[in-house]
Amino acid sequence: MPGKLKVKIVAGRHLPVMDRASDLTDAFVEVKFGNTTFKTDVYPKSLNPQWNSEWFKFEVDDEELQDEPLQITVLDHDTYSANDAIGKVYIDIDPLLYSEAATVISGWFPIYDTIHGIRGEINVVVKVDLFNDLNRFRQSSCGVKFFCTTSIPKCYRAVIIHGFVEELVVNEDPEYQWIDRIRTPRASNEARQRLISLMSGELQRKIGLKVLEMRGNAVVGYLQCFDLEGESGLVVRAIGTACTLDKLSNTSAFLPACNSPSKEMKEIPFNEDPNPNTYSSGPSTPLKNQTYSFSPSKSYSRQSSSSDTDLSLTPKTGMGSGSAGKEGGPFKTLLRQQTQSALEQREFPFFTLTTFPPGFLVHVGGVVSARSVKLLDRIHNPDEPETRDAWWAEIRQEIKSHAKALGCHAVVGYSESTSICEEVCILSASGTAAVLNPRFLQDGTMEGCLEQRLSWQPGFFSIGSEKGEVDFFPQSQDSSSLLGIEEASPPGCGFCHIPYDELNMPFPAHLTYCYNCRKQKVPDVLFTTIDLPVEAIVIGKGCLIQARLCRLKKKAQAEANATSISNLLPFMEYEVHTQLMNKLKLRGMNALFGLRIQITVGENMLMGLASATGVYLAALPTPGGIQIAGKTPNDATYDQHISHMQKKINDTIAKNKELYEINPPELPEEIIGSPIPEPRQRSRLLRSQSESSDEVTELDLSHGKKDAFVLEIDDTDAMEDVHSLLTDVPPPSGFYSCNTEIMPGINNWTPEIQMFTAVRVSRLSTINPTNQTLNKNFNDLCENLLKSLYFKLRSMVPCCLCHVNFTVALPEDELVQIAVTAVAITYDKNQALQANKAPTEKSQQRASTDNEEQLQFPLELCSDPLSSQPFSPAKEVLEGASSHTGIPAAQRVLKSHSGSWFRAGTSPEIDRCNSWIELIKLKAQTIRRGSIKTTTSLEKASPLAEGYLRHRSVPSCTNSTVSVVKMTPLSFLPGAKITKYLGIINMFFIRETTSLREEGGVSGFLHAFIAEVFAMVRAHVAALGGNAVVSYIMKQCVFMENPNKNQAQCLINVSGDAVIFVRESELEMLPVQPSTAAPQPTSSAGDVTT
Amino acid sequence: MSSDLDVFVGNTTLIDEEVYRLWLDGHSVAEAVARRLRGGVLEREGTSVAVLQSDTRDHYRTFQMLERLLHAPPRLLQQLLFQIPPERQALLVQRYYAFDEALARELLGKKLSKGTKKELDEVSARTGVGIRSCRRQFDNFKRVFKAVEELRGPLAENIQQLFLLDYAAIVFFANSRFETGKRRLQFLSFADFAACAQSMMGHWSQGALGEPPDPRAPEAAEPDGDLPKSFLQDLKELKVLVADKDLLDQHKSLVCSALRGKISVYNELEANFKALSRALVNVGGKLTHARDVRDFFVDLVEKVIEPCRSDKWSPGDLRLFLTHYTAARHQALWERYMAAITACLLRMYHD
């Protein structure tokens, strides 16, 4: 019995009137944990009862502590009839189970009822005494920390990143149990809420066990989702990245802080000291690993079939040692083998992280994704997780092999999702194929790194916090000679360099020498699912790019339905890709980050929504323009029309370049080749019409090597598409938007943030809907929603919408639901201008401040010796893109094997639909976002942040001040330093009403519910002692209505990390210890020796 | 394509002051959108009517949800549902409880009953304040009145604590039911009455004496909205000033000798002194009877202000007269009484 849970019920306030006669309430409280229940006394005739109960003590084992929520029910005592429930509070006590998080939960919680919403508040104190003998038979995993944040949390450093953990639990959905017919909606909702809470606890415990097995102590990038499968069950599944984290010492927390996120990220590795572990095995590691040498003959093909895909993949898997001879030096192979072997031991070398410690990411291959259509009513044993486990395993296997095809041994920025409609379920997974530095992946590390790090320290320290990005690269003389040259490229562009073999490219693609280092090959476009690496050199600003698509589908049952969906998917992927590529070019940019493609299935249509942040990477070539080719060139008016369109497109590109400040340096063309397309030579990209496969083959674009992107206007559909390209309105002036954490080119955020959720449900009411009209409607819906956000947030200008996250659902016929969560952050315009000027003045186009300039020194130093090394640029360069799927990842691919798509229909049980790969890579040097303090804006936001809600004109309301809790989908708060992580927030709520009209219709109902969810999240965070939630995400928002019955129901699932942050302005006020900067070298040196 | 459902919820609740004003004024969403359009927001922000409608509806929903909390401002500070910065909360409360003086003037002294509420249509027509706004303000008056009715302690402070200061006058009037609607009182504005109420509460009420009320004293149990009974009772003693001829003559000679040559209307003063003095004293004496209390302002106007005005007294003359009239007697009760009367008369003496 390793734990004692103690609960005290202090008081209630603002309770609803339960007794109409007296206008008062006789309230008491039931406190339930597991199967034990305690009750307080009845506090008669009051709406503000003071129970001041004793400590209720539950003696439980830690397994129970992890699984069970604490359940507090407030009731109205009734002498003659049954007591009426007022509402409930569920408290997840997990944060109390590990020592570094919260020690007590204490505060006012909204009392929540699934029918009436929030009804007053209750003050509760919760503590846990854990006994320390919990090692015997671990069923529990107390002590493993969970983070939703998809980067290494700010006050920790990663000792080892172990890798992928996943788990899935299944239960019968209470809503579909027979008893649901006789119980009240309230009872049914509460049963569901409780079940999901239990399942989440169990899931987290099981994942924790896996982490302990891997000898980790934390899960980062934890993403938990639930699938409402209906009759076949309720699935809660989670993925994450197991890590061993070390808490940074307190002194580092008080280092002079810097307010730019990117800098902050750097700072962590800076403070971080080499872990003893990382050096212990020393040079033996690479040698040892060689014994695992990679066998090209080993088949990576998925056992799961899909023959054509396999065919296209198999040759590429040989890339490892097979092509080693052609590569720049033996080390590449060695490094690769080493990492590969480290990763090969894992079943799935996946990482849910999107931001990495500097140096972790060596190369990026491109996006890999896989989807599969399943029939839920075919699950053999629905109550057991096996079938779903097998489904996911299959998809992951596929992802893994795609990554291999791109010459990558790992997948980063990995995520999974589902879309369910009736009995059909689409499972999707996507990520970014990458080559990783092995240092973080295992206990051993290369000595070279250590030496280099030591020798570099003085220089770095004099600069300030810059060092992280270099030290994992084998870049010093020693290490470069030891490790081989090909890794020697400046870190800013290294990740763009292609990881695959140039002679053995997974797909035809156009490669050029890196525009930054001129040594390695880069693709012309790079798509990724990760955040922009902090060291990447970006020109200008980024912007949100979305591809939107609807496809009609016949209503069908079971296998026929699954087949038709499977048949549609490849076309959708292709079209989405084409749109993204066109829009990217239209903005004069060459890379996408944070790409997320969501395919949603409905009764009679499929919808695709892809969001990403476009940027111009300095390492990649300038994108060519978009050329329009008419089909009937003889018609004069038609020609005129075409040329008019062409002009419009060109104008838009020019305007966008100005808007996003994209002014790449002019490069002598002979060096690079010709980035500017010669009109005659260009390859043409083709729009494939989904109906006809023959058209696809007709347009083979893979010959020629030019950049221009041709849109062939061969029918009215094509015309429509070109029009829709041009309808995307740029955000109003003063606004930028992106779906990544940080916006490239803006580096002076103020602390003023506004997180919001907007939801729209629209009827696509066309009588005879066609794909085109639906597309247009959907496009308008998204554009209008964005417009409306810009208008609402106009008072925050100049500002940027960050982490814009769209989710699409098709609740019923013709209804489309779009939910957006994002955060608006104000930035300082004057400073932005300064910062922007710097790069334009410099031909290197670095968004730099003084710091950054200084930083260049060490970088140059480290690259100089390398460039003097014999260097063979002849290394093969290859460029990835998808092939087996038939979708052109870069622009010219469209191979005949795209026919493979159509195979799927035959066995809907395992419909592997599509998977496509994208990639490219780029190179750049370190970008250093400035660390300019923004004092003026600090003032603006401070009343919000620390304000006590007391005001002169309303003076006397003394008894409580509600503390402000900030919420953000980002992993950081601008202008603030996170000093403590208090635990994960993972909440699930159901709200139902049978008086929809009275509550203000669907909008009134949902508005109130979302506000209530926010309020409950804030209350839980405040009770943990926190003042913010970071990495907040609304994972699910399922809304159903029945206006005829005046009813509606909504389910919302949210999560995030509760934290304590301190304003940098406050940190500065603390007496600065002279030792904070100086002792760093010594302390790190000290750690090395330990 | 119509949006069935369209919501925007911020972690910090967005409050648009312009829309709040429109909502408070009782405009429907459509009217509010039309007014915003006329305000030129479309041109400024380059947005569309649909966006404006959606935005307005969002704000209206927020305000409707907030209204419940605005009914008890301290709850607004404690609630967890909306995260609103303190200065915005203050703004919400202030604007919500702000009232149109024209409307307040109409309602002064009226019983805040259902009957009165039914007459709001006419009031709305007369004052030009929208009917919905009239009803909201009426309900505000009533809510404040009800909330402080039972409370002890200084009225103004109670109201200040729960709502806002301005309400003291309205509650005081509603409580004492002074007549304010007569035609001869029409020249007085709400501000005049509010100032009078403030002087009366300031000088006459229990809390105004500057000492904590003695809990054993009978007044301590009374709500502060009523004037203390013992004080009113004492005022009856003052009648002797006009009933006793010697005292009246003595008073007159003291005042006249002090004012001779200093006041332009000396002759008129000498002629009217007794009538004026009687009026001034009797007003106080009548305050014990609820029915006569109603006539307080009527009496002052009819018996003091109008005669003076017809004799062409300047405000300075009146001030001089009242100062010396009060100073001629040394008695705490008298000075306390006359302080408020003087303040009221000086405030009311205008066209």
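Parameters at a glance
- Residues numbered from 1 in each chain as written.
- Chains lettered and ligands numbered in written order.
- Predicted model: local features only at pLDDT ≥ 70, side-chain atom pairs only at ≥ 80, totals over all residues.
- Heavy atoms only, no water.
- Helix = DSSP H or I, 4+ residues; strand = E, 2+ residues; numbered from the N terminus.
- Buried < 20%, exposed > 50% of the residue type's maximum accessible area, 1.4 Å probe, protein only.
- Contact = heavy atoms within 4.5 Å.
- Areas by Shrake-Rupley, 256 points an atom, 1.4 Å probe, with all protein chains shown as cover.
- Pairing = 2+ DSSP bridges.
- Axes fitted to C-alpha atoms, helices over the stretch in contact; angles between N-to-C directions.
- 1 Å grid on protein atoms, 1.4 Å probe; cavity = no way out; pocket = protein on both sides within 12 Å on 5 of 7 lines; lining within 4 Å.
- Points joined across faces, edges and corners; volume = space filled by probe spheres on them.
- Nonpolar A, V, L, I, M, F, W, Y, C, P; charged D, E, K, R; others polar.
- Core = buried A, V, L, I, M, F, W, Y, C linked by side-chain atoms within 4.5 Å.
- Parallel < 35°, antiparallel > 145°, perpendicular 65-115°, else oblique.
- Left-handed = near helix turned anticlockwise from the far one by under 90°.
- Patch = residues over 30% accessible without salt bridge, like charges linked within 9 Å, V, L, I, M, F, W, Y side chains within 5 Å.
- Salt bridge = Lys/Arg side-chain N within 4 Å of Asp/Glu carboxyl O.
- pLDDT = per-residue confidence, 0-100.
- Buried area = accessible area lost by both parts, 1.4 Å probe.
- Polar contact = N/O pair within 3.5 Å; in protein donor to acceptor, adjacent residues only side chain to side chain.
- Phe/Tyr/Trp six-rings, centres within 6.5 Å; stacked < 30°, edge-to-face > 60°.
- Lys, Arg positive; Asp, Glu negative; His and termini not counted.
- Charge placed at Lys NZ, Arg CZ, Asp CG, Glu CD.

Asker: Looking at this structure, how should I read the overall build of chain B?
Answerer: Summing up its helical and strand segments, chain B has 21 helices and 1 strand in all. Out of the 351 residues belonging to chain B, those deemed buried represent 50%. Contacts spanning at least 24 positions in sequence make up 69% of the contacts within chain B whose residues lie at least 6 apart. Accessible area for chain B stands at about 15500 Å²; split by element, carbon and sulfur atoms hold 50% of it.

Asker: Looking at this structure, I do not really get the sheet that holds strand β31 (residues 1028-1042) of chain A. What am I missing?
Answerer: Two pairing modes exist for strands in a sheet, parallel and antiparallel, and in both the strands are linked by backbone hydrogen bonds. All names here are of chain A. Pairing is mixed across the open sheet formed by 4 strands, whose spatial order is β29-β31-β32-β30. Single-partner strands in this sheet number two, and they are β29 (966-967) and β30 (976-993). Strand direction decides the pairing type here: β29 and β31, joined by 2 bridges, are parallel. What sits directly across from M967, in β31, is V1029. Each of β30 and β32 (1047-1063) is contacted by helix α2 (residues 185-213), which is oriented at about 145° to β30, the strand it contacts most. Packing of helix α24 (residues 1001-1023) onto the sheet brings it into contact with β29, β30, β31 and β32, and relative to β30 it is tilted by some 145°.

Asker: In this structure, what is going on with the sheet that holds strand β18 (residues 526-527) of chain A? I would like to understand it.
Answerer: Residue and element names in this part refer to chain A. The strand order across the open sheet built from 4 strands is β18-β20-β21-β19, with neighbouring strands paired in mixed fashion. Two strands bound the open sheet, and with one partner strand each, they are β18 and β19 (538-552). Examined bridge by bridge, β19 and strand β21 (residues 605-617) share 12 bridges and lie antiparallel to one another. Within β21, the residue paired with L552 across the bridge is M605. Relative to the sheet, helix α15 (residues 558-586) contacts β18, β19, β20 (591-601) and β21, its axis offset from that of β19 by approximately 150°.

Asker: Sorry if this is basic, but what is going on with the layout of surface pockets here?
Answerer: The gaps of empty space that remain are located by a probe, the size of a water molecule, rolled over the atoms. Its boundaries defined by the atoms lining it, the second largest pocket holds a volume of some 880 Å³. Along the walls of the second largest pocket sit 32 residues, with H116, I118, R119 and E1012 of chain A together with R68 of chain B positioned nearest its centre. When residues of the lining of the second largest pocket are traced back to their parent elements, those giving at least two are β8 (117-130) and α24 of chain A together with α4 (49-70) of chain B. Grouping the constituent residues of the lining of the second largest pocket by class yields 14 nonpolar, 7 polar and 11 charged.

Asker: Looking at this model, I keep getting lost on the nonpolar core. Mind explaining?
Answerer: Grouped burial of nonpolar side chains is what soluble globular proteins tend to show. Within the largest apolar cluster, 271 residues are counted, with the highest numbers of intra-cluster contacts made by L70, I122 and L617 of chain A together with F321 of chain B. Ranked by residue count, the leading element in this core is α24 of chain A, at 14 residues. Residues L544, C550, F778 and I818 of chain A belong to the second largest nonpolar core, which totals 31 residues.

Asker: Please explain the packing of helix α1 (residues 17-24) of chain B against helix α2 (residues 29-38) of chain B as it appears in this structure.
Answerer: Relative orientation and spacing of two packed helices are given, respectively, by the angle between their axes and the distance between those axes. Residues and elements named next belong to chain B. It is at 10 Å that the axes of α1 and α2 come closest, and there the two elements cross at 135°. With respect to α2, the axis of α1 lies oblique. α2 is crossed by α1, and the crossing has right-handed handedness. Between α1 and α2, the contacting residues are E18, V19 and L22 on the first element and A32, R35 and R36 on the second. Within the contact of α1 with α2, the residues separate by chemical class into 3 nonpolar, no polar and 3 charged.

Asker: What should I look at first to understand a nonpolar patch on the surface in this one?
Answerer: Judged by side-chain polarity, W178, I179 and I182 of chain A come together as a nonpolar surface patch covering roughly 370 Å² of accessible area. Along the chain, the position of W178 of chain A falls in the loop between β10 (156-171) and α2.

Asker: Teacher, can you tell me more about the confidence of the model for chain A here?
Answerer: All names here are of chain A. Scored by pLDDT, chain A comes out at a mean of 71, with 64% of its residues at no less than 70. The low-confidence segment residues 251-332 (pLDDT under 50) makes 212 contacts with residues lying over four places distant or belonging to another chain. Taken together, the stretch residues 832-960 has pLDDT below 50 and engages in 460 contacts with residues farther than four places along the chain or on a different chain.

Asker: Even after reading the chapter, I still don't get the interface of chain B and chain A, so can you show me in this structure?
Answerer: When the parts come together, some accessible area is lost, and that loss is often what is quoted as the size of the interface. Contact residues are listed per partner, giving 47 residues for chain B and 64 residues for chain A. Summed over both sides, the interface of chain B with chain A buries roughly 4900 Å², with 60% coming from carbon and sulfur. Linking chain B with chain A are 4 salt bridges, by the criterion used here. Our count for the contact surface shared by chain B and chain A stands at 20 residue pairs in polar contact (both at pLDDT 80 or more). Among the secondary structure elements, those contributing two or more residues to the side of chain B that touches chain A are β1 (2-10), α3 (41-45), α4, α5 (73-78), α6 (86-97) and α11 (155-162) of chain B. Split by residue class, the side of chain B that touches chain A holds 21 nonpolar, 16 polar and 10 charged.

Asker: Would you mind going over the packing of aromatic side chains with me for this structure?
Answerer: In this description, a pair of aromatic rings is defined by centroid distance and the angle of the planes. Residue and element names in this part refer to chain A. The tally for this structure, following the rule as stated, stands at 44 aromatic pairs over all chains. Look at F147 and Y981: their rings are 5.1 Å apart centre to centre, the planes differ by 80°, and that puts the pair in the edge-to-face class. Taken together, the residues F147 in the loop between β9 (145-146) and β10 and Y981 in strand β30 connect sequence positions 834 residues apart. Exposure class is identical for F147 and Y981. Each is buried. Judged by centre distance (5.4 Å) and plane angle (65°), the rings of F164 and F350 are edge-to-face. Here F164, found in strand β10, pairs with F350, found in the loop between α9 (330-344) and β13 (361-375); they are 186 residues apart in sequence, far enough to count as distant.

Asker: Teacher, can you tell me more about a negative patch on the surface here?
Answerer: Residues and elements named next belong to chain A. Among the surface-exposed residues, E172, D383, E384 and E386 lie close enough to one another that they form a single negatively charged patch. Of note, D383 is situated in the loop between β13 and α10 (386-405). For D383, a relative accessible area of 45% puts it in the partly exposed group.

Asker: Looking at this model, I keep getting lost on empty space enclosed by the protein. Mind explaining?
Answerer: All names here are of chain A. Enumeration over the complete set of coordinates arrives at 18 cavities of 30 Å³ or more. Its volume calculated, the largest cavity comes out at about 520 Å³. Looking at the largest cavity, it is lined by 36 residues, and the ones nearest its centre are Y90, D92, S197, N986 and M987. When contributions to the lining of the largest cavity are tallied by element, the ones reaching two or more residues are α1 (62-67), β6 (84-91), β7 (105-113), α2, β11 (218-230), β30 and α24. Looking at the lining of the largest cavity element by element, the count peaks at 8 residues for α2. Looking at the lining of the largest cavity residue by residue, the class counts come to 18 nonpolar, 11 polar and 7 charged.

Asker: Quick question: what am I supposed to make of the confidence of the model for chain B here?
Answerer: Caution applies to low-pLDDT regions: their predicted coordinates should not be interpreted in detail. Residues and elements named next belong to chain B. When pLDDT is averaged along chain B, the result is 82; 88% of the residues meet or exceed 70. Confidence scores differ between elements of chain B, with α11 showing the lowest mean pLDDT of 66 and α1 the highest of 93. Note that residues 211-221 has pLDDT below 50 and, in this model, 8 contacts with residues that lie over four places away or in other chains. The ipTM value of the predicted complex is 0.78, and its pTM value is 0.77.

Asker: Explain unusual backbone geometry to me, please; I cannot follow it from the model alone.
Answerer: One can expect most non-glycine residues to show negative phi and most peptide bonds to be in trans. All names here are of chain A. Between V797 and P798 the backbone carries a cis peptide bond, its omega angle lying at 0°. For P798, the location among the structural elements is in the loop between α20 (771-792) and β26 (799-809). With a phi close to 55°, E422 is a non-glycine residue in the positive phi region. When you line up the elements, E422 lands in the loop between β14 (410-421) and β15 (424-436). You will see that S1031, though not glycine, has its phi angle at about 50°, which is positive. Its location among the elements puts S1031 in strand β31.

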